[in-house]
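Examining the three-dimensional arrangement
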2 protein chains.
Amino acid sequence: MTVASKTVSDVIHSHLGVLTRAEKQLAESLLDNYPVSGLGSITTIAENAGVSTPTVVRMVQKLGFKGYPDFQAHLHLEVEATISNPIAKHDRWAQNAPGTHILNRFADAIMGNLRQTLTDLDTATFDSVAALLSDRKRGLYFVGGRITGALAEYFFTHMQVIRPATTLLSSNSSSWPQYVLNMNAGDILIIFDIRRYEQEMVSLATAARKRGAEIVVFTDQWGSPAAKLARYAFRVRIEAPSAWDSSVVTLFIVEALIEAVQNSTWDETKERMKTLEGLFEQTRLFRKPG
Amino acid sequence: MTVASKTVSDVIHSHLGVLTRAEKQLAESLLDNYPVSGLGSITTIAENAGVSTPTVVRMVQKLGFKGYPDFQAHLHLEVEATISNPIAKHDRWAQNAPGTHILNRFADAIMGNLRQTLTDLDTATFDSVAALLSDRKRGLYFVGGRITGALAEYFFTHMQVIRPATTLLSSNSSSWPQYVLNMNAGDILIIFDIRRYEQEMVSLATAARKRGAEIVVFTDQWGSPAAKLARYAFRVRIEAPSAWDSSVVTLFIVEALIEAVQNSTWDETKERMKTLEGLFEQTRLFRKPG
DNA sequence: CGTCGACTGAAAATTTCTTTTCATGACAGT
DNA sequence: ACTGTCATGAAAAGAAATTTTCAGTCGACG
């Protein structure tokens, strides 16, 4: 008996000829709004089709399924296939790498993380944060932990080009008070804090709040304790087939934010970038003769 | 009690704070591959999440549903809404974001980059580099440019935990000669250099080669001039719908390498990580009384 | 008109799912 | 160390769902 690889819909169609009146009626009902109509219990779909539950059992067995649960399991798989996204379909580029190669396992995990993060992520939050970061009246402060420090630096480097008043906090927490001292109400503190959350982040966030700063946190799905103090928090999936967590998706969000901010203030940014180009050029000229 | 008009996913998120450990575990399981994961019976999803069925009941009631069947009915409605909408059918994870939202455009681009990079990438190269970096007799030197400095730092931070003899070169090129002075034959210089290639990288690579160092370059598809001097080069796709290039896929390769190296020397690495834990603990103890 | 065979659903039997109850263990505060 | 609170799952109880049994109905055909 082989039901595999054919959709339930196909199977129903190919059996339409041998179905009895009540069974046809049921089949119609199932194909109408397929496959969602088959999601409920046997009782429900029998009622919807106006037939008895034994009819349902008889039909699905006639179709080659072991019983109603078996039938429904197949349907669930199809729903899953329908819903799950293009990201999952990475078969093509996997050709060069044998299935168990670490690159593939990593790619699988990253795709999953990305999909999951995007599903969970509220675009309104994203847009709000982008707007906040675009506001040049607000100073920006970036801080990261031992691992996430590099992400904070990456974000900072770009924002520094795009707009003025951006500061990267040293990863050494003993110098943080001095930064907090300079914060004004409305300034924004962007915190990167993923698991093995750093205790000091909470203190920093608390101090910054007292100065009237807004807080944006990049954390993982479990949530840094600092996220509780944040106006906005990005919960990013960080799981990887590794002893380490993955920062890939976090970097993805950061890059998207960079683009969003840059885009919303393009005219000003363009001027800044031109000026920057000039400065680089000058530096190069200084050096070359030497 | 009003659950209407909010998705089950929303409801779960808004309750994440008040969920207990087992419930969070369950919530994770449900949100993972949402909403398909919630299609089965209470027994099934409890098993998938690794919790007991009473936990499921308690959680859905905490979320405001009358019981599991009520919860599942809502989920079914959402699946129906998702599937019967042809746009959503195409792109489930984009559901939260209108088609032109920057997050989506970015995700598309990144996926393309990743696929293309993996297609081009020779796994033999990857494995060779991983083996090279795993060799503890070789010193490692990391260097990046203005933008890629953060990637170099990220790579360095991890490798520093995994193995000894790792060095991060300052991004200030004037101090590079001192580092080169310390390089021995067989040492490895890992260079990050993507477009707007930095002139000094070639000089650095040349000098390092003279000292007998091997060179590994992370660059873009067009290739840094330093790549010509390299034993191995990773050509990563960096295109993004942005004025900036994307480092996401580069970070992906870096993370995969970290795992590969860690994996090949796990016994030793484990010891190092334990020791490191101890050191962190001590630091914490030093601080606490203060 | 009668008989046969097949279809159908009511109802019983069975299985599975859902909910409740309760004992255990972890943990915070005293 | 003690105590109370809470989270958790094992197990029992209760509720549905699923399957089976079986009798009634209908149409085909002699």
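Residues numbered from 1 in each chain as written. Chains lettered and ligands numbered in written order. Predicted model: local features only at pLDDT ≥ 70, side-chain atom pairs only at ≥ 80, totals over all residues. Heavy atoms only, no water.

1. Focus: the packing of helix H9 (residues 149-162) of chain B against helix H12 (residues 248-264) of chain B
Residues and elements named next belong to chain B. One way to put it is that H9 packs onto H12 with a least axis distance of 10 Å and a crossing angle of 10 degrees. As the angle between them shows, H9 and H12 are arranged roughly parallel. Taking contact as the criterion, the partners of Leu151, Tyr154, Phe155, His158, Met159 and Ile162 in H9 are, on H12, Thr250, Leu251, Val254, Glu255, Leu257, Ile258, Val261 and Gln262. Its residues assigned to classes, the contact of H9 with H12 comprises 10 nonpolar, three polar and one charged. (Axes fitted to C-alpha atoms, helices over the stretch in contact; angles between N-to-C directions. Helix = DSSP H or I, 4+ residues; strand = E, 2+ residues; numbered from the N terminus. Parallel < 35°, antiparallel > 145°, perpendicular 65-115°, else oblique. Contact = heavy atoms within 4.5 Å. Nonpolar A, V, L, I, M, F, W, Y, C, P; charged D, E, K, R; others polar.)

2. Side note on the sheet that holds strand S3 (residues 188-192) of chain B
Residues and elements named next belong to chain B. Read across the sheet, five strands follow the order S2-S1-S3-S4-S5 without closing on themselves; strand pairing throughout is parallel. Strands with a single pairing partner mark the edges of an open sheet, and in this sheet they are strand S2 (166-168) and strand S5 (232-236). Here the average twist between neighbouring strands, direction ignored, is 15 degrees. Taken together, the three bridges between strand S1 (residues 140-143) and S2 define a ladder with parallel strand orientation. Paired with Phe142 across the two strands is Leu168, which belongs to S2. (Pairing = 2+ DSSP bridges.)

3. Examining the side chain of Arg163 of chain A
Residue and element names in this part refer to chain A. Its place among the elements puts Arg163 in the loop between helix H8 (149-162) and strand S2 (166-168). We note that Arg163 is buried and unpaired, the nearest opposite charge coming from Asp135 at a distance of 6.1 Å. Setting aside anything within four residues of it in sequence, one finds Arg163 in contact with Leu133, Ser134, Asp135, Arg136, Arg138, Gly139, Leu140 and Arg272. (Buried < 20%, exposed > 50% of the residue type's maximum accessible area, 1.4 Å probe, protein only. Lys, Arg positive; Asp, Glu negative; His and termini not counted. Salt bridge = Lys/Arg side-chain N within 4 Å of Asp/Glu carboxyl O.)

4. Let's talk about the confidence of the model for chain A
For chain A, mean pLDDT is 83; residues scoring 70 or higher make up 87% of the total. Of the regions scoring below 50 in pLDDT, residues 85-98 of chain A engages in 26 contacts with residues more than four places distant in sequence or in other chains. (pLDDT = per-residue confidence, 0-100.)

5. Quick look at the nonpolar core
In this structure, Phe155 of chain A together with Phe155 of chain B are the most contacted members of the largest nonpolar core, which totals 94 residues. Sequence-distant contacts of Phe155 of chain A, defined by excluding residues within four places in its chain, comprise Leu133, Phe142, Ile190, Phe192, Phe218, Val254, Leu257 and Ile258 of chain A. The next biggest cluster of nonpolar side chains, apart from the first, holds 24 residues, and it includes Val11, Val51, Val60 and Tyr68 of chain B. (Core = buried A, V, L, I, M, F, W, Y, C linked by side-chain atoms within 4.5 Å.)

6. Digging into the pattern of salt bridges
For the structure shown, the criterion picks out 11 salt bridges over all chains. In this structure, the salt-bridge partner of Asp135 of chain A is Lys137 of chain A, at a minimum N-O distance of 3.5 Å. Residue Lys137 of chain A is classed as exposed on the basis of its relative accessible area, which comes to 76%. Lys62 of chain B is the partner of Glu23 of chain B in a salt bridge, and the nearest nitrogen-oxygen pair spans 2.7 Å. In this pair, Glu23 of chain B is assigned in helix H2 (residues 21-31) and Lys62 of chain B in helix H4 (residues 53-62), connecting sequence segments 39 residues apart. With a relative accessible area of 35%, Lys62 of chain B lands in the partly exposed category. Beyond isolated ion pairs, a larger network of salt bridges with shared partners links Asp135, Lys137 and Arg138 of chain A.

7. Digging into the protein's contact with DNA strand D
The full set close to DNA strand D counts 17 residues, and Ile42 of chain A together with Thr20, Ala22, Thr55 and Arg58 of chain B are the nearest of them. Taking the atoms of DNA strand D that fall within 4 Å of the protein, sugar and phosphate contribute 70% of them. Note that a phosphate oxygen of DNA strand D is positioned 3.4 Å from one of the side-chain N or O atoms of Ser52 of chain B. Within the side chain of Thr55 of chain B, one N or O atom sits 2.9 Å away from a phosphate oxygen of DNA strand D. (Near = heavy atom within 4 Å. Polar contact = N/O pair within 3.5 Å; in protein donor to acceptor, adjacent residues only side chain to side chain.)

8. Some words on the protein's contact with DNA strand C
Neighbouring DNA strand C are 17 residues, the closest being Thr20, Ala22, Thr55 and Arg58 of chain A together with Ile42 of chain B. Sugar and phosphate atoms constitute 70% of the interface atoms of DNA strand C, taking the interface as everything within 4 Å of the protein. With respect to DNA strand C, the backbone of Arg21 of chain A contributes an N or O atom lying 3.3 Å from a phosphate oxygen. Arg58 of chain A places a polar side-chain atom, nitrogen or oxygen, 3.1 Å from a base nitrogen of DNA strand C. Mapped onto the surface near DNA strand C, the elements with two or more residues apiece are helix H2 (21-31) and helix H4 (53-62) of chain A together with helix H3 (42-49), H4 and helix H5 (68-84) of chain B.

9. Thoughts on the interface of chain B and chain A
Taken together, the contacts link 71 residues of chain B with 70 residues of chain A. When the two sides are added together, the surface that chain B and chain A hide from each other amounts to roughly 6,700 Å², 66% of it contributed by carbon and sulfur. Here Glu28 of chain B makes a salt bridge to Arg237 of chain A, at a shortest N to O gap of 3.0 Å. The tally of links from chain B across to chain A stands at 14 residue pairs in polar contact (both at pLDDT 80 or more). Contributing elements (two or more residues each) for the side of chain B that touches chain A: H2, H5, helix H6 (86-90), helix H7 (102-120), helix H8 (123-134), H9, H12 and helix H13 (266-287) of chain B. (Buried area = accessible area lost by both parts, 1.4 Å probe.)

10. Considering the packing of helix H6 (residues 102-120) of chain A against helix H11 (residues 248-264) of chain A
Residues and elements named next belong to chain A. Axis separation between H6 and H11 bottoms out at 9 Å; the angle between their running directions is 45 degrees. Judged by the inter-axis angle, H6 sits oblique to H11. With respect to the hand of their crossing, H6 and H11 are arranged in right-handed fashion. Between H6, through Ile110, Asn113, Leu114, Thr117 and Leu118, and H11, the contact on the second element is made entirely by Val248, Val249, Phe252 and Ile253. Among the residues making up the contact of H6 with H11, the classes are represented as seven nonpolar, two polar and no charged. (Left-handed = near helix turned anticlockwise from the far one by under 90°.)

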